[in-house]
Amino acid sequence: MSKRRLGSVRPPKRCRSDMDNISTSDIVIINGNSHPDLANSVAERMGLKNGGCSVFHKSNRETIVEISDSVRGKDIYIIQTGTKDANNNIMELLIMAYACKTSSARSIVGVIPYLPYSKQCKMRKRGCIVSKLLAKMMCTSGLTHIITMDLHQKEIQGFFDIPVDNLRASPFLLQYIQESIPDYRNSVIVARNPGVAKKANSYAERLRLGLAVIHGEQKEAESDEVDGRYSPPPTRNSTPQHAPSSSRQRTTSVSVGVPEHPVKVKPPLTIVGDVNGRIAIMVDDLIDDVQAFVAAAEMLKDNGACKIYVLATHGLLSSDAPRLLEESVIDEIVVTNTIPHEVQKLQCNKIKTIDISILIAEAIRRIHNKESMSYLFRNVTLED
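All figures in this text were calculated on a predicted structure; none of them were measured in a lab. (Residues numbered from 1 in each chain as written. Predicted model: local features only at pLDDT ≥ 70, side-chain atom pairs only at ≥ 80, totals over all residues. Heavy atoms only, no water.)

Next up on the list: the sheet that holds strand β12 (residues 307-315). The sheet built from seven strands is open, its strands ordered β10-β9-β8-β11-β12-β13-β14 with mixed pairing. Two strands bound the open sheet, and with one partner strand each, they are β10 (270-272) and β14 (351-354). Looking at each pair of strands side by side, their axes are set apart by 25 degrees on average, direction ignored. Note: strand β13 (residues 332-336) against β14, four bridges, orientation parallel. (Pairing = 2+ DSSP bridges. Helix = DSSP H or I, 4+ residues; strand = E, 2+ residues; numbered from the N terminus. Axes fitted to C-alpha atoms, helices over the stretch in contact; angles between N-to-C directions.)

To continue, consider the sheet that holds strand β6 (residues 145-149). Within a sheet, neighbouring strands are paired by backbone hydrogen bonds and run either parallel or antiparallel to one another. The strand order across the open sheet built from five strands is β1-β4-β5-β6-β7, with neighbouring strands paired in parallel fashion. The sheet is open, and its two borders are formed by β1 (27-31) and β7 (164-167), each paired with just one other strand. If you compare each strand with its neighbour and ignore which way they point, the axes differ by 20 degrees on average. As paired strands, strand β4 (residues 75-79) and strand β5 (residues 107-112) are joined by five bridges and run parallel to one another. Pairing of Ile 78 across the sheet is with Gly 110, part of β5.

This brings us to the packing of helix α2 (residues 36-45) against helix α11 (residues 357-368). If you want to describe how two helices pack, look at the angle between their axes and the distance between the axes. At a closest axis distance of 9 Å, the pairing of α2 and α11 adopts a crossing angle of 60 degrees. Judged by the inter-axis angle, α2 sits oblique to α11. For the element pair α2 and α11, the recorded crossing hand is right-handed. Residues Leu 38, Ser 41, Val 42 and Arg 45 of α2 form the contact with α11, whose own contacting residues are Ser 357, Ile 358, Ile 360, Ala 361 and Ile 364. (Parallel < 35°, antiparallel > 145°, perpendicular 65-115°, else oblique. Left-handed = near helix turned anticlockwise from the far one by under 90°. Contact = heavy atoms within 4.5 Å.)

We now examine the confidence of the model for the protein. Chain-level pLDDT for the protein is 86 on average; 82% of the residues reach the 70-or-more range. For the protein, per-element mean pLDDT is lowest for helix α1 (residues 18-21), which scores 41, and highest for β5, which scores 98. For the stretch residues 220-225, pLDDT sits under 50, and the model shows four contacts to residues farther than four places along the chain or on other chains. Below pLDDT 50 for its whole length, residues 379-384 participates in 13 contacts with residues either more than four positions away or in separate chains. (pLDDT = per-residue confidence, 0-100.)

What follows deals with the pattern of salt bridges. For the coordinates displayed, the defined rule picks out ten salt bridges. Between Arg 366 and Glu 371 there is a salt bridge whose closest N-O contact spans 3.5 Å. Residue Arg 366 is classed as buried on the basis of its relative accessible area of 11%. One connected set of salt bridges, linked through shared partners, spans Glu 362, Arg 365, Arg 366 and Glu 371. (Salt bridge = Lys/Arg side-chain N within 4 Å of Asp/Glu carboxyl O. Buried < 20%, exposed > 50% of the residue type's maximum accessible area, 1.4 Å probe, protein only.)

Dropping the structure here:
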């Protein structure tokens, strides 16, 4: 037997990785009835054709989903955002995801720019945490990944048992301030309430501007019901009689039982910071009921603000919000197109829209090619 020289062994054939097999033909983009314009814009930016999926309702309001193209072994991206018709939006998303799951799709990614019920992420009285329930329903329906934008609370990501990418629209809004607001250096970032102070402070630091916070809120319309929650407990001695005398000496007893919580009295609206002669820019994640924004704008105007802008990621603008904004002292309202609001723009000329479809398209491309998503949180531009 002849000896083989050292180093003469041929290297094994290179195995083709999964990345080599991935092509644009593996991506299928479908959408429901919530925001077809955004879905078409994302597909166009990626050079793809929107998949054949029709979603309609029967006479009894049941949702019917029909997918005409094959989804077997493909990566499905369902673009469905939250609108005023949130319940139908959710059911359409769940049924579309389950239809793809039972048709043997390789992965199902839900692209939900505005996540419905995201404000119901805390326990209120005897209610429930609805966003937790919604997360369970989405995971059960077959979704394997979620792409959303500017969640009301970042902790909502922990409700899901699947990966959640929470994109940020702040680079688009910051660029709008720098390029579209004349003399923005004379501006001050305003937090409508202390809860938004963290977001406002982030904007102020990036733009190197001052910060003002409006403290105090108007009274809520609904009052607490008298249902026994505030009835005092029975009076008992807090220290057991059989306890040792030394422990009784170190324990403070309350003669009236469990002490009551002090009544929370909201102070009147006051501004912490100087806005006199400055451009006031209020920032938030969602604009829906605008009464609070209008009241804050009036206070800013009374304190000498020369112009007032409102910037937010999601513009739901429910009920008579367009009329109230048109009649208010607010000069301009800037929102992204995560939620369709073309009808509201016809009623209010102050509403401006920023297109964020390029960010969603880039997120889909990076997830599909298994690239890092952290780049989107550092470098986001409006360039194609």
